[in-house]
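One letter stands for each residue in the lines below.
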Amino acid sequence: MISGSLCVMCNLTHREELLQSLAIVQHCLLGAGSMLPPLDGPHVADLVPSMVNLGKVKLHIGVDYDDARENYRVSICHTMRLLLHHILEHTEDDTKSLFVVIKIISDLMFFRGTRKKEFDSRWKSFTLVKKSMENRLHGNKQHIRALLVDRVLLQHEMRKLVVEGREYKEVHQKLLCDLLLLSTSTYSQVRSRAQNVLTTALITFSFSHRDMIPRIVQLLSPQHTDGTQQQLKGALYCLLAAYSSVSLVRDWDCVGTMWPALVRCGLSPAMTLEEHSVGQVLDDIIDRIHRQHDTIGILFTVSESCVEIAKQIARSRETATVEELKEGLQRQQIRNVVNARKYEKLVNDLLDCLEDRELPWKFEHMATDLLSLLLRDDHPLPPDAVLYFTQGLVHDSISIRKVSIAAMAGILKQLKRPRKKVAVKPSDIGGVADPEGWWAGDRQANRWLQYNSNNLPLSEEQWDSQLHVEKTHVGYYSWPREMMIYAPSQKLKDDLPYEEMSEAEKIISEYFSDPEFLEQLIEFLSLEDRKGKDSFNPRRFCLFKGLFRNYGDVFLPLLWPHLEQLAADPHESSQRCLCEITAGLIRGSKLWSFSKVDKLWQLLCPLISTALTNITMETFTDWGTCIATACEGRDPRKLHWLLELLMESPLVGEGSSFRDASLLYVLQGGLAQQQWRVSELLHRLLAYLEPKLTQVYKNVRERIGSVLTYIFMMDVALPHTQPTSSPHVADFVTRVLERLKPLTSEAEIRTHVHEENTPETEDEHTQAVKLLKTVLKWLMASAGRTFTTPVQQQLQLLPLLFKIAPVEIDESYDEMKQDARTCLSLMSQGLLYPQHIALVLAALEEMAGSKSWHARYSVLTYLQVMVFYNLFTLLSVPVEVQRIRKMVMRLLLDEQLEVRDMAATTLSGLLQCHFFPLDRMLQTQLQTLSQMRLPKARGELTSTDLVRRHAGVLGLGACILSSPYDVPAWMPQILMDLSDHLNDPQPIEMTVKKTLSEFRRTHHDNWQEHRQRFTDDQLLVLTDLLVSPCYYA
């Protein structure tokens, strides 16, 4: 039947008849696909040189093919190719027939009884069914027979999908060439369908991309003058699809062919960027290259031990001779040399493209992006590329300048000179060895790493005699097995003579020694890019860091006038440029000699002071980042000039409060990077700040609070950790509590005070209020940043906070009340140590007896969160559980309605999480309270009796609400007890109604099951209570 259809197609002229015949052939293929032998023939030779046989592994799928009979796949393939070329030559607009031909070609190559998409869909469906029907009690392997049969069938279909193997044969080559022809057709639908099949083929058949990529690239060549725009667009889409192949991404031949062709296609006569789709596909290709490009290896080495193992395997199994192993190693060495040449050729090809003046701007940017991806750490970039990126720093295009800045930072890292390191023994330096066992923190053994103002390197002799450790983490926990540090500067070669520079280093040196080049570079770097969105650029920082690290202070005399000019300019972009250069200069001078560093700081300190004097709202974050970046990974003793400069009166009080807050922010950025190594500076800063905690301005208070957080950051109590030499929270809070005594004795704190920075004329109360405002800022800042929970002294502030905090959230409240509420919320979420539980509960019990109902209300909200966050810690101390129970019951009897409601809510939550049981004693207590007799005459109601009766009803309601989705044995009777209070005076009546309404809402879904727990009489009463009466009854 297939032969007959093929003969008919050779003589057909009518499109409908042709389409019918093609459909017949396609469906015959679908029906007989599992029985037809695969496409056969010789494989495509010389794609990949290899000493290993890359032929296919034959798999048996239960069908024995008769080789004596005609291979119908090959016959159909031959006829389809003839028909395809006939259609393209005479009736190219017959797209329906072309669609079917593409399907037939796809089935010829891939269809073995099932399609990959259909198989994936069935596999997904099988997985869902299996998961829904599994019985976990029987184990993962106990499935019903139908599932097992389905799994076996899927396994067989999976074998059929891979039976063809991945060998690339000549017949596949012909079909892929036809698909490429269709992928560059005039009609978009034809192109799209053919590209999908071509993509699948490139992924399926091994090394097929090495054959097809040159054919695709040929269509993009400017020499392809007779090409159409559709062909160009189709070729671009083919490249986009082909780049999803992993083997293509890691192939020097394909990448070396494709990247320059992509750039040169901008010179093609058929290229036009006016059509949006062309520009979009080019952007997609570059985006995919950026996301999927991996650094392709150049040098591949095989260790000697691996070669010896291979020789042993070869001798035992006779798989390869010793001569063949030697030949393989020789080929590998040759391949390494060839790879290096291919890499350099690719770089030079891209540079040749960039030299073409007729190249459109889009393709110039594309070539620059691709060239930047070729930076690698194991092979230097050719000097011509270094020259291009150096010139690109002052290019007219901002995008090329950005790429060049990033590339130059990488190039300078490539050219980084190796520095000599020496091995040292920490115990010999400090004179003290670590005690036995494992101890972290500040110790005698690591004391020599600390910043000490009495032992700073102020001379060249001291600079060279001290051993500097740059990394902050070294020594805090333990010492490295072999501690290597940079050799003192006297043992290092300071400057690199011009004659000893490499060609790339000479290029950079010549350009940065040119005053005109530097002036133009600084002018470009100080331009505004995106107004209001620019920030400190780490790539520019890396550029200058590498420049000063590699070349020392050679360029500093030429650069310094520009830095002074930038410092005097208050504009945001100029200050940001100064920040980036300054940070790079400080980090780049890490290994300079003392004379150079001292000279640098003599210039830099006045410059930084001038810049900080002119600090603005737009630049203070950049300066903070600058100082933090400059101090990161540096020995604080080598930065003592900078640290002492920042420590000089950050709160001078001159000018606006913004300047004081900004100076503190900059100082904080520098000290935070040093962590445990600047305890002396932290003590000095704390002593400086303590008298100034009574600040008027909110922004300064917030910044002081943040700085205090970092001052106490290292005060942690962990196992096997020595007490820190940095300031301790406990000592600080003790001193603060002494100054807050005027507030602790007051029943109600007046938060509104006349705020002026005149402490001489203020009374103690005003000073204490202003101090408390700053302390609140510190507590809020430390809650989310410190490594530990509130210490015992901080918990002593709780009574003050309860007095101030309001009940509800209202933006009309002043700053102090809102901060107190926030502090309570954050402190209640902290981890409690067992030794602190009694202290917290004592504070809560004290405030539970306060005259202010706001304070009593806040105690309950604090208690809820504290219990839920520390549930297991509290349950381990039964005595404290009973204290909490008594406190809640006490507040349930409070005279204030809002407090009683919150106490009932708290009781319900504690019962629900089984913090304490709903035992018979508690039920009896609540029922007794609810049965408190009220005088019959409403005018004679005493508030005490009503409160006690309401407390009992609230407690019973809390019991009901503690079991929202089930009906325990005790619940029916409590519901009946509540029903007796439905006609009680307010607020009891409203409480009962709310409780019943909530019970109805939470038990509605499973009511048929829950109703079994009630007797008929109870159900009758409950129905009357829960069902609303009908209006027309």
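Residues numbered from 1 in each chain as written. Predicted model: local features only at pLDDT ≥ 70, side-chain atom pairs only at ≥ 80, totals over all residues. Heavy atoms only, no water.

> Explanation requested: the overall build of the protein chain in the structure shown.
Within the protein chain, the regular secondary structure consists of 48 helices and 2 strands. In terms of overall dimensions, the protein chain is more spread out than a globule: its C-alpha atoms have a radius of gyration of 41 Å, far above the 31 Å expected for 1033 residues. Projected onto its principal axes, the C-alpha positions of the protein chain cover 115 × 95 × 65 Å. Of all 1033 residues assigned to the protein chain, the portion counted as buried reaches 49%. In the protein chain, once contacts between residues fewer than 6 apart in sequence are set aside, the share between residues at least 24 apart is 76%. Accessible surface, the protein chain: about 52000 Å² in total, of which carbon and sulfur atoms supply 52%. Within the protein chain, one finds 114 positive and 128 negative side-chain charges whose respective centroids are separated by 6 Å. (Helix = DSSP H or I, 4+ residues; strand = E, 2+ residues; numbered from the N terminus. Rg over C-alpha atoms; globule rule 2.2 N^0.38 Å. Buried < 20%, exposed > 50% of the residue type's maximum accessible area, 1.4 Å probe, protein only. Contact = heavy atoms within 4.5 Å. Areas by Shrake-Rupley, 256 points an atom, 1.4 Å probe, with all protein chains shown as cover. Lys, Arg positive; Asp, Glu negative; His and termini not counted. Charge placed at Lys NZ, Arg CZ, Asp CG, Glu CD.)

> Before we go on, may I ask you to explain the confidence of the model for the protein chain in this structure?
Do not read the fine detail of predicted coordinates wherever pLDDT is low. Averaged over every residue, the pLDDT of the protein chain is 83; residues scoring 70 or more account for 91%. Here helix α1 (residues 2-11) stands out as the element of the protein chain with the lowest mean pLDDT, 49, in contrast to helix α17 (residues 383-392), whose mean of 94 is the highest. (pLDDT = per-residue confidence, 0-100.)

> Quick question: what am I supposed to make of a nonpolar patch on the surface here?
Residues Met51, Val52, Leu54 and Phe207 make up a contiguous nonpolar surface patch of about 350 Å² in total accessible area. Mapped onto the elements, Val52 comes out in the loop between α2 (15-32) and α3 (72-90). Judged by relative accessible area, which is 59%, Val52 ranks as exposed. (Patch = residues over 30% accessible without salt bridge, like charges linked within 9 Å, V, L, I, M, F, W, Y side chains within 5 Å. Salt bridge = Lys/Arg side-chain N within 4 Å of Asp/Glu carboxyl O.)

> Just checking my understanding: could you explain a negative patch on the surface for this structure?
A surface patch of like charges, here negative, comprises Asp352, Glu355, Asp384 and Glu503. Structurally, Asp352 can be placed in helix α15 (residues 322-355).

> Please clarify how the pairing of strand β2 (residues 483-486) should be interpreted in this entry.
Both faces of the sheet carry side chains from a regular strand, because those side chains alternate between them. Residue alternation in β2 divides its side chains into a buried set, Met483 and Ile485, and an unburied set, Met484 and Tyr486. Relative to β2, strand β1 (residues 421-424) runs antiparallel, the two being bridged by 4 bridges. Looking across to β2, one finds that Val422 is bridged to Ile485. (Pairing = 2+ DSSP bridges.)

> Mind showing me how you'd approach helix α12 (residues 252-264) here?
Because the α-helix completes a turn every 3.6 residues, residues three or four places apart line up on one side. Its 13 residues place the ends of α12 18 Å apart at the C-alpha level, agreeing with the 18 Å of an ideal helix rising 1.5 Å per residue. Every buried residue of α12 is accounted for by Trp252, Cys254, Val255, Gly256, Met258, Trp259, Pro260, Ala261, Leu262 and Val263. Between the side-chain oxygen of the N-cap and the backbone nitrogen of Asp253 there are 2.9 Å, and the N-cap of α12 in question is Asp251. (Expected span 1.5 Å × (residues − 1). Polar contact = N/O pair within 3.5 Å; in protein donor to acceptor, adjacent residues only side chain to side chain.)

> What's the story with the environment of Leu875 in this structure? I'm lost.
Summarising the element assignment, Leu875 is placed in helix α40 (residues 871-875). Between the alpha carbons of Leu875 and Phe916 there is a distance of 8.8 Å; along the sequence they are 41 residues apart. When near neighbours in sequence (up to four residues on either side) are disregarded, Leu875 contacts Val881, His914 and Phe915.

> For this particular structure, what's the right way to read helix α38 (residues 834-848)?
The end-to-end C-alpha distance of α38, which contains 15 residues, comes to 22 Å, matching closely the 21 Å that a straight helix rising 1.5 Å per residue would cover. His836, Ile837, Val840, Leu841, Ala843, Leu844, Met847 and Ala848 are the residues of α38 that are buried. Viewed end-on, α38 has its buried residues packed into an arc of 160°, placing them on one side of the element. Across α38 from its buried face, at more than 90 degrees, point the exposed residues Gln835 and Glu846. (Arc of directions from axis to C-beta.)

> Help me out: how do you make sense of the layout of surface pockets in this one?
With a probe scaled to a water molecule rolled over the atoms, the places where space remains empty come into view. When its volume is computed, the largest pocket comes out at roughly 1100 Å³. Every residue lining the largest pocket is counted, 35 residues in all, and those nearest its centre are Val48, Pro49, Ser50, Gln332 and Arg335. Every element with two or more residues in the lining of the largest pocket is listed here: α9 (208-220), α12, α14 (304-317) and α15. Residue contributions to the lining of the largest pocket peak at 11 residues, all from α15. Split into classes, the residues belonging to the lining of the largest pocket amount to 17 nonpolar, 9 polar and 9 charged. Its volume calculated, the second largest pocket comes out at about 930 Å³. Ser106, Phe110, Lys116, Lys117 and Thr200 are, among the 29 residues lining the second largest pocket, the residues nearest its centre. (1 Å grid on protein atoms, 1.4 Å probe; cavity = no way out; pocket = protein on both sides within 12 Å on 5 of 7 lines; lining within 4 Å. Points joined across faces, edges and corners; volume = space filled by probe spheres on them. Nonpolar A, V, L, I, M, F, W, Y, C, P; charged D, E, K, R; others polar.)

> I'm lost on empty space enclosed by the protein in this one. Help?
Going through the model one piece at a time under the given rule, you end up with 7 cavities of 30 Å³ or more. In this structure, the second largest cavity occupies an estimated 60 Å³ of space. When residues of the lining of the second largest cavity are traced back to their parent elements, those giving at least two are α37 (815-828) and α39 (853-869).

> Would you explain the side chain of His562 in this entry?
Relative to the assigned elements, His562 resides in helix α24 (residues 556-568). In this structure His562 comes out as buried when scored by relative accessible area, which is 16%. Those residues in contact with His562 that sit more than four places away from it in its chain are Leu518, Glu519 and Ile522.

> Mind showing me how you'd approach a positive patch on the surface here?
On the surface, a cluster of positive charge is made up of Lys413, Lys416, Lys421 and Lys471. Inspection of the secondary structure puts Lys416 in the loop between α18 (398-414) and β1.

> I keep staring at the packing of helix α7 (residues 170-183) against helix α8 (residues 188-204) and nothing clicks. Help me out?
The relative placement of two packed helices comes down to the angle between their axes together with the axis-to-axis distance. Contact geometry for α7 and α8: axes closest at 8 Å, N-to-C directions at 145°. Crossing of α7 over α8 shows left-handed handedness. Along its contact with α7, which presents Leu176, Leu179, Leu180, Leu182 and Ser183, the element α8 presents Val190, Arg191, Ala194, Gln195, Val197, Leu198, Ala201 and Leu202. Tallied by class, residues from the contact of α7 with α8 come to 10 nonpolar, 2 polar and 1 charged. (Axes fitted to C-alpha atoms, helices over the stretch in contact; angles between N-to-C directions. Left-handed = near helix turned anticlockwise from the far one by under 90°.)

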